[in-house]
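Inside the fold
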Amino acid sequence: MSITTLVSTCLWFLVVVPSLTGANEVNVNCLRSIKSQVQDPKGSLSSWAFRKGTASYVCRFIGVECWDVDRVLSIDLSGFGLQGEFPLGLNECSSLTGLDLSRNNFSGSLPSNIASLIPFVTTLDLSYNQFSGEIPAGLSDVTYLNTLMLQHNHFTGQIPPEIASLKRLKQFSVAENQLTGPVPEFNEALGIGVESFANNTDLCGWPMDYCIEQEEKVSRFGKMGAAIGAAVFAPVGAFLGWFFFNGRKENQ
Ligand SMILES: *[C@@H]1O[C@H](CO)[C@@H](O)[C@H](O)[C@H]1NC(C)=O
Ligand SMILES: *[C@@H]1O[C@H](CO)[C@@H](O)[C@H](O)[C@H]1NC(C)=O
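Residues numbered from 1 in each chain as written. Chains lettered and ligands numbered in written order. Predicted model: local features only at pLDDT ≥ 70, side-chain atom pairs only at ≥ 80, totals over all residues. Heavy atoms only, no water.

Spatially, the six strands line up as an open sheet ordered 1-2-4-6-8-10, and their pairing is mixed. Of all strands in the sheet, those bounded by a partner on one side alone are strand 1 (64-67) and strand 10 (171-173). Shown here is a sheet whose adjacent strand axes are inclined to one another by a mean of 20°, direction ignored. Strand direction decides the pairing type here: strand 6 (residues 123-125) and strand 8 (residues 147-149), joined by three bridges, are parallel. The partner of Asp125 across the bridge, within strand 8, is Met149. Lying over the sheet, helix 3 (residues 25-37) contacts strand 1 and strand 2 (71-76), oriented at roughly 25° with respect to strand 2. (Pairing = 2+ DSSP bridges. Helix = DSSP H or I, 4+ residues; strand = E, 2+ residues; numbered from the N terminus. Axes fitted to C-alpha atoms, helices over the stretch in contact; angles between N-to-C directions. Contact = heavy atoms within 4.5 Å.)

Here's what the structure looks like:
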(Lines give C-alpha, C1' and ligand atoms only; values in the text may rest on other atoms or scores of the structure.)
(Ligands and ions follow the chains in the order given, each with its own letter.)
Protein backbone atom coordinates (compact mmCIF):
# COMPACT_ATOMS: atom_id res chain seq x y z
CA MET A 1 0.00 0.00 0.00
CA SER A 2 1.46 3.36 -0.93
CA ILE A 3 1.65 6.16 1.62
CA THR A 4 -1.04 8.20 -0.12
CA THR A 5 -3.36 5.21 -0.29
CA LEU A 6 -2.68 4.49 3.36
CA VAL A 7 -3.30 8.08 4.41
CA SER A 8 -6.50 8.38 2.39
CA THR A 9 -7.67 5.01 3.73
CA CYS A 10 -7.00 6.16 7.30
CA LEU A 11 -8.83 9.44 6.74
CA TRP A 12 -11.70 7.55 5.25
CA PHE A 13 -11.97 5.38 8.35
CA LEU A 14 -11.64 8.29 10.72
CA VAL A 15 -14.32 10.31 9.02
CA VAL A 16 -16.80 8.02 7.33
CA VAL A 17 -16.68 4.45 8.52
CA PRO A 18 -17.24 4.98 12.28
CA SER A 19 -20.73 6.16 11.44
CA LEU A 20 -21.38 3.04 9.37
CA THR A 21 -20.14 0.31 11.70
CA GLY A 22 -22.18 -0.81 14.61
CA ALA A 23 -21.10 -3.14 17.37
CA ASN A 24 -17.79 -4.88 16.77
CA GLU A 25 -19.62 -8.15 17.17
CA VAL A 26 -20.53 -7.57 13.56
CA ASN A 27 -16.92 -8.26 12.52
CA VAL A 28 -16.91 -11.46 14.56
CA ASN A 29 -20.16 -12.54 12.93
CA CYS A 30 -18.64 -11.79 9.54
CA LEU A 31 -15.71 -14.16 10.07
CA ARG A 32 -18.00 -16.73 11.68
CA SER A 33 -20.28 -16.73 8.65
CA ILE A 34 -17.37 -16.87 6.19
CA LYS A 35 -16.05 -19.91 8.03
CA SER A 36 -19.48 -21.56 7.93
CA GLN A 37 -20.05 -20.67 4.26
CA VAL A 38 -16.84 -22.09 2.78
CA GLN A 39 -15.68 -25.68 2.54
CA ASP A 40 -12.27 -26.11 4.06
CA PRO A 41 -10.95 -29.58 3.19
CA LYS A 42 -7.42 -28.73 4.33
CA GLY A 43 -8.59 -27.33 7.67
CA SER A 44 -6.89 -24.02 6.90
CA LEU A 45 -9.42 -22.14 9.02
CA SER A 46 -9.48 -24.62 11.92
CA SER A 47 -7.55 -22.13 14.06
CA TRP A 48 -10.40 -19.64 13.68
CA ALA A 49 -11.91 -20.46 17.09
CA PHE A 50 -14.79 -18.26 18.13
CA ARG A 51 -15.40 -17.51 21.79
CA LYS A 52 -17.04 -14.96 24.04
CA GLY A 53 -15.22 -11.79 25.04
CA THR A 54 -13.96 -8.65 23.38
CA ALA A 55 -13.97 -8.88 19.63
CA SER A 56 -10.27 -8.06 19.19
CA TYR A 57 -9.17 -11.72 19.39
CA VAL A 58 -10.34 -12.26 15.80
CA CYS A 59 -7.57 -9.90 14.67
CA ARG A 60 -5.04 -12.61 15.48
CA PHE A 61 -6.77 -15.10 13.20
CA ILE A 62 -4.65 -16.29 10.30
CA GLY A 63 -5.44 -14.24 7.18
CA VAL A 64 -7.16 -11.44 9.10
CA GLU A 65 -5.82 -7.92 9.47
CA CYS A 66 -7.55 -5.31 11.60
CA TRP A 67 -7.64 -1.59 12.01
CA ASP A 68 -8.59 0.31 15.14
CA VAL A 69 -8.22 -2.74 17.44
CA ASP A 70 -11.13 -4.81 16.28
CA ARG A 71 -12.36 -3.81 12.84
CA VAL A 72 -11.50 -6.27 10.08
CA LEU A 73 -9.57 -4.29 7.47
CA SER A 74 -8.47 -7.07 5.14
CA ILE A 75 -8.92 -10.79 4.63
CA ASP A 76 -6.25 -12.78 2.80
CA LEU A 77 -7.15 -16.44 2.31
CA SER A 78 -4.94 -17.01 -0.73
CA GLY A 79 -3.97 -20.63 -1.29
CA PHE A 80 -5.99 -21.97 1.65
CA GLY A 81 -7.54 -24.77 -0.46
CA LEU A 82 -11.04 -23.39 0.13
CA GLN A 83 -14.10 -24.39 -1.92
CA GLY A 84 -17.67 -23.19 -2.31
CA GLU A 85 -19.29 -20.01 -3.49
CA PHE A 86 -18.30 -16.40 -2.91
CA PRO A 87 -19.01 -16.02 0.85
CA LEU A 88 -21.97 -13.66 1.25
CA GLY A 89 -21.25 -13.19 4.96
CA LEU A 90 -18.54 -10.73 3.90
CA ASN A 91 -21.17 -8.00 4.00
CA GLU A 92 -20.84 -7.94 7.80
CA CYS A 93 -17.15 -6.99 7.57
CA SER A 94 -18.27 -3.43 6.97
CA SER A 95 -14.76 -1.89 7.21
CA LEU A 96 -13.18 -4.26 4.71
CA THR A 97 -10.74 -2.70 2.24
CA GLY A 98 -8.86 -5.78 1.02
CA LEU A 99 -10.07 -9.22 -0.02
CA ASP A 100 -7.78 -11.89 -1.43
CA LEU A 101 -9.42 -15.24 -2.20
CA SER A 102 -6.93 -16.12 -4.95
CA ARG A 103 -5.58 -19.62 -5.60
CA ASN A 104 -8.45 -21.55 -4.06
CA ASN A 105 -11.23 -23.63 -5.56
CA PHE A 106 -14.08 -21.15 -5.25
CA SER A 107 -16.79 -21.69 -7.86
CA GLY A 108 -20.20 -20.45 -8.97
CA SER A 109 -20.98 -16.95 -10.16
CA LEU A 110 -20.20 -13.71 -8.37
CA PRO A 111 -23.21 -12.04 -6.71
CA SER A 112 -24.66 -9.21 -8.81
CA ASN A 113 -24.97 -7.10 -5.64
CA ILE A 114 -21.25 -7.49 -4.88
CA ALA A 115 -20.94 -3.72 -4.35
CA SER A 116 -23.32 -3.86 -1.42
CA LEU A 117 -21.31 -6.71 0.11
CA ILE A 118 -17.83 -5.15 -0.15
CA PRO A 119 -18.47 -1.43 -0.81
CA PHE A 120 -15.11 -0.05 0.43
CA VAL A 121 -12.77 -2.68 -0.95
CA THR A 122 -9.76 -1.25 -2.79
CA THR A 123 -8.04 -4.58 -3.55
CA LEU A 124 -10.03 -7.55 -4.79
CA ASP A 125 -8.13 -10.64 -5.91
CA LEU A 126 -10.26 -13.60 -7.00
CA SER A 127 -7.69 -14.98 -9.46
CA TYR A 128 -6.90 -18.68 -9.89
CA ASN A 129 -10.27 -20.06 -8.85
CA GLN A 130 -13.16 -21.74 -10.69
CA PHE A 131 -15.56 -18.79 -10.68
CA SER A 132 -17.94 -18.89 -13.65
CA GLY A 133 -20.85 -16.99 -15.20
CA GLU A 134 -20.64 -13.36 -16.22
CA ILE A 135 -18.51 -10.74 -14.52
CA PRO A 136 -21.15 -8.64 -12.70
CA ALA A 137 -21.54 -5.05 -13.90
CA GLY A 138 -22.08 -4.23 -10.22
CA LEU A 139 -18.31 -4.44 -9.70
CA SER A 140 -18.16 -0.97 -11.21
CA ASP A 141 -19.98 0.26 -8.08
CA VAL A 142 -17.11 -0.87 -5.85
CA THR A 143 -15.81 2.61 -6.57
CA TYR A 144 -12.55 2.58 -4.57
CA LEU A 145 -11.16 -0.47 -6.38
CA ASN A 146 -7.58 0.03 -7.52
CA THR A 147 -6.73 -3.65 -7.93
CA LEU A 148 -9.14 -6.07 -9.59
CA MET A 149 -7.70 -9.48 -10.40
CA LEU A 150 -10.09 -11.97 -12.01
CA GLN A 151 -7.63 -13.95 -14.13
CA HIS A 152 -7.60 -17.72 -14.47
CA ASN A 153 -11.26 -18.45 -13.78
CA HIS A 154 -14.13 -19.62 -16.03
CA PHE A 155 -15.88 -16.30 -16.60
CA THR A 156 -17.92 -16.14 -19.80
CA GLY A 157 -19.79 -13.48 -21.77
CA GLN A 158 -18.67 -9.89 -22.21
CA ILE A 159 -16.66 -7.78 -19.79
CA PRO A 160 -19.26 -5.22 -18.61
CA PRO A 161 -18.39 -1.84 -20.18
CA GLU A 162 -19.24 -0.19 -16.82
CA ILE A 163 -15.94 -1.52 -15.44
CA ALA A 164 -14.19 1.28 -17.37
CA SER A 165 -15.75 3.75 -14.94
CA LEU A 166 -13.46 2.52 -12.13
CA LYS A 167 -11.26 5.62 -12.06
CA ARG A 168 -8.74 4.37 -9.49
CA LEU A 169 -7.93 1.11 -11.23
CA LYS A 170 -4.18 0.45 -11.44
CA GLN A 171 -3.97 -3.31 -11.61
CA PHE A 172 -6.52 -5.24 -13.60
CA SER A 173 -6.61 -8.66 -15.23
CA VAL A 174 -9.23 -10.93 -16.74
CA ALA A 175 -6.63 -13.09 -18.55
CA GLU A 176 -7.31 -16.82 -18.93
CA ASN A 177 -11.09 -16.88 -18.89
CA GLN A 178 -13.65 -17.59 -21.64
CA LEU A 179 -14.64 -13.99 -22.30
CA THR A 180 -15.85 -12.65 -25.64
CA GLY A 181 -16.72 -9.35 -27.27
CA PRO A 182 -15.36 -5.81 -26.96
CA VAL A 183 -13.23 -4.83 -23.98
CA PRO A 184 -14.29 -1.80 -21.89
CA GLU A 185 -12.95 1.56 -23.01
CA PHE A 186 -10.48 2.15 -20.22
CA ASN A 187 -8.68 5.45 -19.95
CA GLU A 188 -5.38 4.78 -21.75
CA ALA A 189 -3.54 6.60 -18.96
CA LEU A 190 -4.31 3.66 -16.66
CA GLY A 191 -1.79 1.69 -18.71
CA ILE A 192 -3.85 -1.51 -18.83
CA GLY A 193 -2.04 -3.65 -21.38
CA VAL A 194 -2.80 -6.56 -23.65
CA GLU A 195 -1.61 -9.14 -21.10
CA SER A 196 -4.58 -8.18 -18.88
CA PHE A 197 -6.88 -9.71 -21.52
CA ALA A 198 -4.70 -12.57 -22.80
CA ASN A 199 -5.94 -16.10 -23.31
CA ASN A 200 -9.65 -15.55 -23.61
CA THR A 201 -12.10 -16.94 -26.16
CA ASP A 202 -12.64 -13.90 -28.38
CA LEU A 203 -11.96 -10.44 -26.96
CA CYS A 204 -11.38 -7.47 -29.23
CA GLY A 205 -10.82 -3.73 -29.18
CA TRP A 206 -7.97 -1.62 -27.87
CA PRO A 207 -5.39 -2.71 -26.70
CA MET A 208 -6.14 -5.76 -28.83
CA ASP A 209 -7.29 -6.13 -32.42
CA TYR A 210 -9.97 -3.86 -33.76
CA CYS A 211 -13.48 -5.33 -33.35
CA ILE A 212 -15.20 -6.29 -36.59
CA GLU A 213 -18.80 -5.31 -35.95
CA GLN A 214 -21.63 -7.44 -37.23
CA GLU A 215 -22.66 -4.56 -39.50
CA GLU A 216 -19.22 -4.41 -41.03
CA LYS A 217 -19.27 -8.13 -41.62
CA VAL A 218 -22.51 -7.57 -43.54
CA SER A 219 -21.12 -4.62 -45.49
CA ARG A 220 -17.91 -6.52 -46.24
CA PHE A 221 -20.08 -9.29 -47.56
CA GLY A 222 -22.01 -6.66 -49.51
CA LYS A 223 -18.80 -5.34 -51.04
CA MET A 224 -17.74 -8.84 -51.86
CA GLY A 225 -21.12 -9.36 -53.55
CA ALA A 226 -20.62 -6.16 -55.53
CA ALA A 227 -17.16 -7.30 -56.60
CA ILE A 228 -18.49 -10.68 -57.70
CA GLY A 229 -21.35 -8.91 -59.44
CA ALA A 230 -18.91 -6.64 -61.27
CA ALA A 231 -16.73 -9.58 -62.28
CA VAL A 232 -19.73 -11.49 -63.61
CA PHE A 233 -21.69 -8.65 -65.20
CA ALA A 234 -18.89 -6.47 -66.54
CA PRO A 235 -18.25 -8.71 -69.57
CA VAL A 236 -22.00 -8.89 -70.20
CA GLY A 237 -22.20 -5.10 -69.92
CA ALA A 238 -19.19 -4.73 -72.21
CA PHE A 239 -20.81 -7.04 -74.71
CA LEU A 240 -24.12 -5.17 -74.57
CA GLY A 241 -22.26 -1.86 -74.90
CA TRP A 242 -20.34 -3.17 -77.90
CA PHE A 243 -23.57 -4.55 -79.37
CA PHE A 244 -25.48 -1.27 -79.05
CA PHE A 245 -22.53 0.83 -80.16
CA ASN A 246 -21.99 -1.24 -83.23
CA GLY A 247 -25.72 -1.62 -83.81
CA ARG A 248 -26.08 2.15 -83.73
CA LYS A 249 -23.14 2.62 -86.05
CA GLU A 250 -24.66 0.18 -88.52
CA ASN A 251 -27.98 2.03 -88.37
CA GLN A 252 -26.31 5.33 -89.27
C1 LIG B 1 -8.95 -27.88 -6.23
O2 LIG B 1 -9.60 -29.11 -6.06
C3 LIG B 1 -8.94 -30.18 -6.71
C4 LIG B 1 -9.76 -31.43 -6.52
O5 LIG B 1 -11.03 -31.17 -6.05
C6 LIG B 1 -7.54 -30.34 -6.13
O7 LIG B 1 -6.86 -31.36 -6.80
C8 LIG B 1 -6.77 -29.03 -6.29
O9 LIG B 1 -5.51 -29.12 -5.68
C10 LIG B 1 -7.52 -27.88 -5.68
N11 LIG B 1 -6.85 -26.64 -6.00
C12 LIG B 1 -6.55 -25.72 -5.11
C13 LIG B 1 -5.82 -24.51 -5.60
O14 LIG B 1 -6.85 -25.82 -3.93
C1 LIG C 1 -1.38 -17.37 -22.03
O2 LIG C 1 -1.17 -18.72 -22.34
C3 LIG C 1 0.18 -19.05 -22.64
C4 LIG C 1 0.24 -20.49 -23.08
O5 LIG C 1 -0.42 -21.32 -22.18
C6 LIG C 1 1.05 -18.76 -21.39
O7 LIG C 1 2.39 -19.05 -21.67
C8 LIG C 1 0.90 -17.31 -21.00
O9 LIG C 1 1.60 -17.05 -19.80
C10 LIG C 1 -0.57 -16.95 -20.81
N11 LIG C 1 -0.67 -15.51 -20.58
C12 LIG C 1 -1.38 -14.98 -19.59
C13 LIG C 1 -1.29 -13.51 -19.43
O14 LIG C 1 -2.07 -15.65 -18.87
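What follows is about the site of ligand 1. Neighbouring ligand 1 are the residues Gly81, Arg103, Asn104 and Asn105. When ligand 1 sits alone it has 360 Å² of accessible area, and the protein chains cover 35% of it. Class assignment for the residues of the shell around ligand 1 results in no nonpolar, three polar and one charged. (Near = heavy atom within 4 Å. Areas by Shrake-Rupley, 256 points an atom, 1.4 Å probe, with all protein chains shown as cover. Nonpolar A, V, L, I, M, F, W, Y, C, P; charged D, E, K, R; others polar.)

Once that is clear, we can look at the environment of Gln158. Counting through the fold element by element, Gln158 comes out in the loop between strand 9 (154-157) and strand 10. On the basis of relative accessibility, which here comes to 42%, the residue Gln158 falls in the partly exposed class. In contact with Gln158, not counting residues within four places along its chain, are Thr180, Gly181 and Pro182. (Buried < 20%, exposed > 50% of the residue type's maximum accessible area, 1.4 Å probe, protein only.)

Turning next to the state of the cysteines. Within the structure shown, the criterion is met by three disulfides. One disulfide bridge connects Cys30 with Cys93, the sulfur atoms lying 2.0 Å from each other. Looking along the S-S bond of the Cys30-Cys93 disulfide, the torsion reads about -105°, which is the left-handed sense. In this pair, Cys30 is assigned in helix 3 and Cys93 in the loop between strand 3 (83-84) and strand 4 (98-100), connecting sequence segments 63 residues apart. The class for Cys93 is buried, based on a relative accessible area of 3%. Here Cys204 engages in a disulfide with Cys211; their sulfurs sit 2.0 Å apart. Looking along the S-S bond of the Cys204-Cys211 disulfide, the torsion reads about 100°, which is the right-handed sense. Looking at Cys211, the relative accessible area reads 14%, which means it is buried. Each bonded cysteine of the protein gets a number by its place in the sequence, and the pairs then read 1-4, 2-3, 5-6. (Disulfide = S-S within 2.5 Å.)

Spatially, 3-5-7-9-11-12 is the arrangement adopted by the six strands of the open sheet, whose pairing is parallel. Of all strands in the sheet, those bounded by a partner on one side alone are strand 3 and strand 12 (202-204). Sheet topology note: the strand 9/strand 11 (residues 178-182) ladder contains two bridges and is parallel. Within strand 11, the position partnered with Thr156 by the bridge is Gln178.

What follows is about the site of ligand 2. Around ligand 2, the surrounding shell consists of Ala175, Glu176, Glu195, Ala198 and Asn199. Residue Glu176 places a side-chain N or O atom 3.3 Å away from an oxygen atom belonging to ligand 2. Starting from 360 Å² of accessible surface for ligand 2 in isolation, the protein chains cover 36%. Tallied by class, residues from the shell around ligand 2 come to two nonpolar, one polar and two charged. (Polar contact = N/O pair within 3.5 Å; in protein donor to acceptor, adjacent residues only side chain to side chain.)

The terminal C-alpha atoms of helix 3 lie 18 Å apart, and with 13 residues this matches the ideal 18 Å at 1.5 Å per residue to within 8%. Inspection of helix 3 places Asn27, Val28, Cys30, Leu31, Ser33 and Ile34 among the buried residues, and these make up the whole buried set. Summarising the contacts, the buried residues of helix 3 are in contact with strand 1 and strand 2. (Expected span 1.5 Å × (residues − 1).)

Turning to the pairing of strand 1, a few remarks are in order. In this structure, strand 1 lies alongside strand 2, joined through four bridges in antiparallel fashion. Counted as the bridge partner of Trp67 is Arg71 from strand 2. Hairpin connection of strand 1 to strand 2: three residues between the antiparallel strands, including Asp68 at a positive phi of 55°.

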